[in-house]
Amino acid sequence: MTSKNTSTRLLLALWDLGGTQQEVKKGQLTKRIVSKNQKVADYQGIFEELHKQGAIAISKKGYSLTSGKGLEVLGEGLRSGEFKFEGTIVGTWAANALLRWISQIDVAVTGADVPVNGKGAIASYDEFKSVALEVYDKLNQNYNLDDLVPIYRIRREIGERVSRTEFSEWLLEMQEKDILQLQGGSLPDNDPAKLEDSVTTEVSGLRCYAKLLN
């Protein structure tokens, strides 16, 4: 398969295994995508490229699919017209995953106003503000973050309910209205995917943390 096809198949497998909601163990993913005549090492370049794009996050134990960029890249790959399975046998998981994706009509990518994980898509700034503050409080309390909540965690918690662009714009609007202060600094591991899920502005540059203003 071509590199593009392999990337799309890898992302499809990760999505089907629930990679947008939880980390998928490395062995669980490679079991699906690595055929008998291949080695895990053959996919190393693909993993690195997808990580560089911000489509997936990689840890020592496994992989996860970023709800924004990852789903966008997967959707583009499936719709490209070039994606195909080679050979005469297609794995049952792949066929079922494609059917499930089609049945959802790219809901996660288009941001349509349908339930996502039991909650509807966010359609306005006021709704976003309410949800963002609720998520901020939950993360701050549950993880003892001392009022400095990583923006990437807020973005991932809200997930597919809002587009990446609207998340950034509305979060910046909350700062303009003195609700939140977006602060710079660096993340402990400086994971490119986490930095990608933070907020960058032309004036202030990268902002990794949000602090609630009294």
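Please refer to the structure higher up on the page.
Residues numbered from 1 in each chain as written. Predicted model: local features only at pLDDT ≥ 70, side-chain atom pairs only at ≥ 80, totals over all residues. Heavy atoms only, no water.

Caption draft 1: Region of interest: helix H2 (residues 26–33). Of the residues making up H2, those classed as buried are Leu29, Thr30 and Ile33. When H2 is viewed along its axis, its buried side chains cluster within an angular range of 95° and face the same direction. Where H2 is buried, its residues contact helix H1 (3–16), strand S1 (24–25), helix H3 (44–53) and strand S3 (62–65). (Buried < 20%, exposed > 50% of the residue type's maximum accessible area, 1.4 Å probe, protein only. Helix = DSSP H or I, 4+ residues; strand = E, 2+ residues; numbered from the N terminus. Arc of directions from axis to C-beta. Contact = heavy atoms within 4.5 Å.)

Caption draft 2: Representation of unusual backbone geometry. Within the chain, asparagine 144 stands out as a residue other than glycine whose phi angle is a positive 50°. With a phi close to 55°, aspartate 146 is a non-glycine residue in the positive phi region. By secondary structure assignment, the location of aspartate 146 is in the loop between helix H7 (125–142) and strand S4 (149–150). Under the relative-accessibility criterion, aspartate 146 is labelled exposed at 66%.

Caption draft 3: Spotlight on the nonpolar core. Ranked by size, the top nonpolar core spans 28 residues in total, and within it Leu10, Leu11, Leu29, Ile33, Phe47, Leu50 and Ile56 carry the most contacts. Mapped onto this core, the elements with two or more residues apiece are H1, H2, H3, S3, helix H4 (69–79) and helix H5 (92–104). The element contributing the most residues to this core is H1, with 6 residues. The contacts of phenylalanine 47, once residues within four sequence positions are left out, are Leu10, Leu29, Ile33, Ile56, Ile58 and Tyr63. (Core = buried A, V, L, I, M, F, W, Y, C linked by side-chain atoms within 4.5 Å.)

Caption draft 4: Seen up close, the pattern of salt bridges. Here the structure, examined in full by the defined rule, presents 7 salt bridges. Linking arginine 164 and aspartate 197 is a salt bridge whose minimum nitrogen-to-oxygen distance equals 2.7 Å. On the criterion of sequence distance, the pair formed by arginine 164 in helix H9 (residues 164–176) and aspartate 197 in the loop between helix H10 (192–196) and strand S6 (199–201) is long-range, its members being 33 residues apart. Its salt-bridge partner being glutamate 173, residue lysine 177 comes within 3.0 Å of it at the nearest N-O pair. Residue class for lysine 177 comes out partly exposed when judged on its relative accessible area of 48%. Via salt bridges that share partners, Arg156, Arg164, Glu196 and Asp197 belong to a single interconnected network. (Salt bridge = Lys/Arg side-chain N within 4 Å of Asp/Glu carboxyl O.)

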